[in-house]
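Descriptive structure summary
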Amino acid sequence: MKLGIVGAGMVGSTAAYAVALMGHVSEIVLVDQNAALARAQADDIAHAMPFAAATQVRSGGYADLAGASVIIIAAGVSQKPGETRLDLLGRNAAVFRAVLSETMTVAPQAILLVATNPVDVMTGITARLTGQPPARVIGSGTTLDSARFRDLLARALNVAPRSVHAYVLGEHGDSEVLAWSSARVGALTLDAAAAQTGRPLTLEIREKIDTGVRRAAYAIIEGKGATYHGIGAALARLVAAINGNERSVHSVSTMTTQIVGVHGVPLSLPRVLGRDGVEAELVPDLDTSEQAALADSARLLKQTLESVPL
Ligand code: ADP
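A short tour of the structure in this document, coming up. (Residues numbered from 1 in each chain as written. Predicted model: local features only at pLDDT ≥ 70, side-chain atom pairs only at ≥ 80, totals over all residues. Heavy atoms only, no water.)

1. Quick notes on the pattern of salt bridges
Going by this rule: For this analysis, a salt bridge means a side-chain nitrogen from Lys or Arg found within 4 Å of a carboxyl oxygen belonging to Asp or Glu. We call a residue buried when its accessible area falls under 20% of the maximum for its residue type, exposed when it is over 50%, and partly exposed in between, using a 1.4 Å probe and counting protein chains only.
If you walk through the whole model with that rule in mind, you get 11 salt bridges. Taking the shortest distance from any N to any O, the salt bridge between Arg-58 and Asp-64 comes out at 3.3 Å. Between Glu-246 and Arg-237 there is a salt bridge whose closest N-O contact spans 2.8 Å. Judged by its relative accessible area of 36%, Glu-246 falls in the partly exposed class.

2. Let's talk about empty space enclosed by the protein
One simple way to see leftover space: roll a probe sized like a water molecule over the atoms. How we decide: A 1.4 Å probe that fits into a set of points on a 1 Å grid over the protein atoms alone but cannot get out defines a cavity; an open set with protein on both sides within 12 Å along at least five of seven lines defines a pocket, and lining residues are those with an atom within 4 Å of a point. Grid points are joined across faces, edges and corners, and a volume is the space filled by probe spheres set on the points. In this count, Pro and Cys sit with the nonpolar residues alongside Ala, Val, Leu, Ile, Met, Phe, Trp and Tyr, while Asp, Glu, Lys and Arg are called charged and the others, Gly among them, polar.
Going through the model one piece at a time under the given rule, you end up with 1 cavity of 30 Å³ or more. Quantified by volume, the largest cavity comes out at close to 40 Å³. The wall of the largest cavity is formed by Arg-85, Pro-118, Val-121, Glu-171, Leu-300, Leu-301 and Thr-304. Of the residues assigned to the lining of the largest cavity, the class counts are 4 nonpolar, 1 polar and 2 charged.

3. Describing the pairing of strand β3 (residues 56–59)
Put simply, the rule reads: Following DSSP output, two strands are said to pair if at least two bridges run between them. Secondary structure counts use DSSP, requiring at least four H or I residues in a row for a helix and at least two E residues in a row for a strand, with both numbered from the N terminus. Clockwise travel from the first strand over the helix to the second, with the strands pointing away from the viewer, marks a crossover as right-handed.
Examined bridge by bridge, strand β2 (residues 27–31) and β3 share 4 bridges and lie parallel to one another. Bridging from a neighbouring strand, Val-29 pairs with Arg-58 of β3. Handedness of the β-α-β unit built from β2, helix α2 (residues 35–46) and β3 comes out right-handed.

4. Structural notes on the layout of surface pockets
As a volume, the second largest pocket reaches approximately 410 Å³. Thr-143, Ala-147, Arg-150, Arg-237 and His-250 are, among the 17 residues lining the second largest pocket, the residues nearest its centre. Listed by contribution, the elements that provide at least two residues to the lining of the second largest pocket are α5 (143–157), β7 (164–165), α9 (229–243) and β12 (248–259). The element that contributes the greatest number of residues to the lining of the second largest pocket is α5, accounting for 5 residues.

None of the figures reported here should be taken as evidence of function without further support.
Below is the structure:
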């Protein structure tokens, strides 16, 4: 399987590294408008392969993306001082217009995996610009937020994160919704698991977990300027799910026909991922306050998407 990555900056190159180390892809091609950067990243990652896997890693132009089954879009520009969020979105939409017209010409069959932030709106923009079905235009969304939620719950209850099933829904950002009421440990509700493990999930612990998930990116950016290892591994996991036709469940962002009364909005819900992209949507039961928070998140995203000039 061939994976293309457009945007060889921190996120794109870290995703390439994670996918390469996992070894389930035969070839990775990195494309960037900065060709020297793409070449340097590809060489650096290729030099790790003798210690890890047989993945071929190289850089190239758009023509080299031909035949890719999945293409990660991690290209983008960063916010200039004084620039509004909407101006930034407009500039990133222009980047995507250029990138996607090239990409769709050479690899119209590829599933597009969007990583550029704000990822939900960029996913919506990608769906609009390409006219591809929502199942094949997938944003990394709250995949990483959900992993952080599971990890913090797992630590609080002293179980493995893999045995915690919990999702963050809606926007990958401030309005995201931690779906507490549907979280399960094994087959138990959180309250039952807390009682049986003898580790009560007090309001204080719940608040710490909520803040830990919601503020994680801010804290990392404060410490090191950017986040990329977590999202790189999350993208690699999504590529593995698609490539392996796993039908595993991940909270990814796609254009959603209808959720909590909001129509046509890009946001994250737990979804089944396989070779054809999103194969099913698995919306968890939500309590009233979670439903209201998800509706707020959805309305905000819809409004932002509609305000981007395309
Ligand atoms: P991040 O931390 O999100 O990865 P970076 O700035 O490190 O951000 O990476 C973004 C990458 O996107 C840069 O390497 C930049 O050269 C690339 N890029 C920006 N615009 C385009 C474009 N029009 N075509 C291809 N690559 C682009």
